[in-house]
Amino acid sequence: MFDSKFQGCFAKAFERIPRSMASSLVGDLSAAPSMTGSLTEAIGPTVPPMQLMHVLECTVEIKETDAKGTFSHVPKERLGFKLRGGIDKQVTINVKQVTNNTQPETEDPQSTYNGGLYIERCFGILLAPGRSVKHSDMRLLEMVSGSSGGSGCSVCALWNAGESALAAFNVASGEGAPAYMSLALDLVIRGIPDPLRLIIETPVKIYPPSERFWYYSKRPLVQQFYINLKESVDALGQLQYEVASIETSDELDRSRLNLPLSLSSLLPSPLSSAPAPPSPSEPDSDGDEPLLSGTGEVSKDCGEDVLVNWAQVLRSWTGPRPRALNHLVRVGVPEALRGEVWLRLAGVDQNDKLMETYRTLISKDCPFEQVIQRDIARTFPAHDFFREAGGLGQDSLLRMARAYAVYDHEVGYCQGLSFLAATLLLHMPEEQAFCLLVKLMYGYGLRELYKDGFEALYMRLHQLDRLMEEQLNDLRVHFQELGVEPHMFASQWFLTVFTARFPLPLVYHILDVFLLQGIDTLFQIALALLSRSRKDLLQHDFEGVLKYFRVTLPKKCRAEESSRQIVKLACSIKVKRLPKYQQEYEKFIKESAEKEKINVELERLKVINNQLQQEKDALESQLAESRAASEENQKWATHYSAVSRDYREICARLDKQLHNMKDSVKDCVNCSVKLAQKDNKEETKQAADEKEGASETEARLRQRVRDLELELAQVKLAHVQAQCSNQELSHQLTVALNEVQSAVNQKQSVAPWLVRTLGSIMEAAQNRPSFQTYLPSTNQEQPAASLHRQGSFSNIQATHSQANLDRRVSEPYSPDVVRRKKDLNAKRHSMLVESNLTKDAKEINRRSHEVPIVKNLSMG
């Protein structure tokens, strides 16, 4: 439901709309996805144009990247977003249609329209600093995601802080930073020819990147747009819509019950043009607005008996604290005596050295000057002493905050210290207030709450949680069910000693007891507030509980009598187990650190394990490849051994046949006769040739010499080829032996017979017969065939030489060597040809075909 303020704004917005326009609200959002389809079918050309109005509601959310690399919501006050400069952001805009159009009052039933806006597509988000920005000055953000279709759409874009066009958002407020930012979104709506642009202008405040905010709730920006459409008919008779006007309302304050817990939300921003906060003389509002800090008046009236008692105590207070002092302080220190009593309780009434140090510190430069100046104007805005900008109160508070920031380098300045310093300045001069602030921070342990990333504060919150479990268990269980944790309401209490949100009578009384008892007072006051509010808190949900702590509880403590009752109840609460709970927390932190260390080590071991697993997989793959290669090598070794065995057998058989043929030629008489006849024929032919002419004989002899030289060269070439083949086979056998030996080393087991077989092959290859024991296939096949066809040795030589004229051969022996062996070779060849020519030629031809087969196998 909308609150009364929103209803009033909404009513005013509708008052600005003409009645004719308001009466034309028609249709339902989900009735039809198309505007043009139903209208063109139902509306005739004679129907006069109508004006339609639709309301679109835009919700804007901004998130910033955090230390974990994720996006967290940006705090938002009533007057705008609180942005930190130099940090990437994510902007999300959701658009939906929120109104149901009603049927216009007309007598023509065909003029009815039951459709809403249909958003076909939405473009990216445009961003620019300032207000009333031109389109050319706006920057298109990088699109992350988007969805559209129907009555709504959603767009998410990435805001890169490093872009030069958006550099103005990296400057902290007060140094020329923009006070507003403009967001634009273009929508393509069915039936409207031009894209519809929605422009959202919202105040912003820029903070440094290191700024830390208090706990806050998620609060988006919600703004409504009133789209006034006018019907028109184009040249083709199609019904179209024109945007007559776009009106926008102010931001809808639907989350007023869920205001953030930040201290800055209590005060108006300097960007705001809202009226000043109410003075203390004005009656406090009982609405949903939080109570401003510095609210409430403290009575200075005091009874005579109380003054007498305090006079006696102060006169007797020369050394240790008097016994009666505890009771008087718990009842409440008179306002007129508070300054003196606070200084004496803290033991800083005569600290002249620190006062002189303060006068030196205020003249030094402070690195937190801008942050302090920003917070000073928001500290105790409801008190007259700090209301005026540049007045005595703000100047004193500024100097005091700067001095402490320079004095304490480790803590510096933290948001919340200004409220405690302002409380002290209301009771003493700033030099004494500074000395008391230093004592509170160092002597009472408040400084530890701000150090080391608020580690001590988390320990105190754990102690409070354990005290709630001990004394308010039902309330703690209720908080656990709702997800309410102590830091959501007690962090501000402890850091500011209850000075930031509660009225001044209670603040002063709490400081009385705190200076008397110390840090235990924080737990007693917190438990007392929870005890008094226990019944109310048990009835609220999550949002209600946070609102109660933020709004309702401080307002219930405005009366001085309520303050006295709360402090009285707090002093009666025992908190004796704080050291035990501290040990529990330290043990928990130690265990968490050890677990974190173990988790880090576990992650490291997981990474190492993954690497080792990958290496293992690689080694297994290599092992499988090696095994496959070994098996392949074993197959090749077996193949080579078989080839070697066959080759050796063929060579032996050919050698034997060659020797037999030589022996048969020597013992054969016919062969000798034929050889003699051949010689006679040659002699007769030679004589005839001599008769023909000496020149012809000489030419024939020269031709004979050339043929013999060519034959000798071919024989030498065949010899070289045979030797090369033998060497290659020997090399392959050596490689096979090495591979088998490698396999033997890996397997550690090889059959002895395989070693012996390979050894015999190697030995046989080394002892292989010389070339003279056989003729290669290339040199045997062609002469045998020629012998069979022509039957003469001269024809064999001529044919052989003609077939190999184009071959490249080495240089033949010299002519002298050829002549010396010519007669012997000629005689041997003639005898071989004449003896059993046909049978032996066939046998040699058959054997010659086996040699290249073996050679090819060995070469393979």
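Structure: above.
Residues numbered from 1 in each chain as written. Predicted model: local features only at pLDDT ≥ 70, side-chain atom pairs only at ≥ 80, totals over all residues. Heavy atoms only, no water.

Participant: Is there a simple way to explain the environment of Asp 408 in this structure?
Facilitator: You can see Asp 408 is positioned in the loop between helix 10 (392-407) and helix 11 (417-425). The spacing of Asp 408 and Arg 447 is 39 residues in sequence and 9.5 Å in space, taken between C-alpha atoms. Those residues in contact with Asp 408 that sit more than four places away from it in its chain are Tyr 442 and Arg 447. Of the polar contacts made by the side chain of Asp 408, one reaches the side chain of Tyr 404; its length is 2.9 Å. There is a polar contact of 2.7 Å between the side chain of Asp 408 and the side chain of Arg 447. (Helix = DSSP H or I, 4+ residues; strand = E, 2+ residues; numbered from the N terminus. Contact = heavy atoms within 4.5 Å. Polar contact = N/O pair within 3.5 Å; in protein donor to acceptor, adjacent residues only side chain to side chain.)

Participant: Before we go on, may I ask you to explain the packing of aromatic side chains in this structure?
Facilitator: In the structure shown here, the tally under the stated rule is 20 aromatic pairs. Ring centres of Phe 489 and Phe 549 lie 4.4 Å apart, and the angle between their planes is 15°; on these two criteria the pair is classed as stacked. Remark: Phe 549 occurs in helix 20 (residues 542-555) and Phe 489 occurs in helix 16 (residues 487-496); sequence separation between them is 60 residues. Judged by relative accessible area, which is 5%, Phe 489 ranks as buried. Exposure remark for Phe 549: the relative accessible area of 4% places this residue in the buried category. Summarising the aromatic geometry, the rings of Trp 493 and Phe 549 are spaced 5.7 Å apart at their centres and angled 75° between planes, so their arrangement reads as edge-to-face. (Phe/Tyr/Trp six-rings, centres within 6.5 Å; stacked < 30°, edge-to-face > 60°. Buried < 20%, exposed > 50% of the residue type's maximum accessible area, 1.4 Å probe, protein only.)

Participant: Is there a simple way to explain a nonpolar patch on the surface in this structure?
Facilitator: Taken together, Leu 605, Ile 608 and Leu 612 make up a surface patch of nonpolar side chains, about 240 Å² in accessible area. Within the element layout of this structure, Leu 605 appears in helix 22 (residues 578-667). (Patch = residues over 30% accessible without salt bridge, like charges linked within 9 Å, V, L, I, M, F, W, Y side chains within 5 Å. Areas by Shrake-Rupley, 256 points an atom, 1.4 Å probe, with all protein chains shown as cover. Salt bridge = Lys/Arg side-chain N within 4 Å of Asp/Glu carboxyl O.)

Participant: What is the right way to read the pattern of salt bridges from this model?
Facilitator: Between side chains of opposite charge, a pair can form when the charged atoms approach closely. The final tally for this structure, using the stated rule, is 29 salt bridges. Between Glu 430 and Arg 399 there is a salt bridge; the shortest N-O distance is 2.7 Å. Separated by 31 residues along the polypeptide, Glu 430 in helix 12 (residues 430-443) and Arg 399 in helix 10 bring together distant segments of the chain. For Glu 430, a relative accessible area of 13% corresponds to the buried category. Owing to a relative accessible area of 28%, Arg 399 belongs among the partly exposed residues under this scheme. Across the salt bridge formed by Lys 451 and Glu 410, the nearest N and O atoms sit 3.7 Å from each other. With Lys 451 in the loop between helix 13 (446-450) and helix 14 (455-471) and Glu 410 in the loop between helix 10 and helix 11, the pair connects residues that are 41 residues apart, well separated along the chain.

Participant: Would you explain the sheet that holds strand 10 (residues 180-189) in this entry?
Facilitator: Consider a sheet: its strands pair through backbone hydrogen bonds, and that pairing is either parallel or antiparallel. Overall, mixed pairing links the 6 strands, which are arranged 3-4-11-10-6-7 in an open sheet. On the outer flanks of this sheet lie strand 3 (76-77) and strand 7 (139-140), each paired with one strand and no other. Where strand 6 (residues 119-129) lies against strand 7, 2 bridges are found, and the strand directions are antiparallel. Looking at strand 7, one finds that Leu 127 is bridged to Arg 139. (Pairing = 2+ DSSP bridges.)

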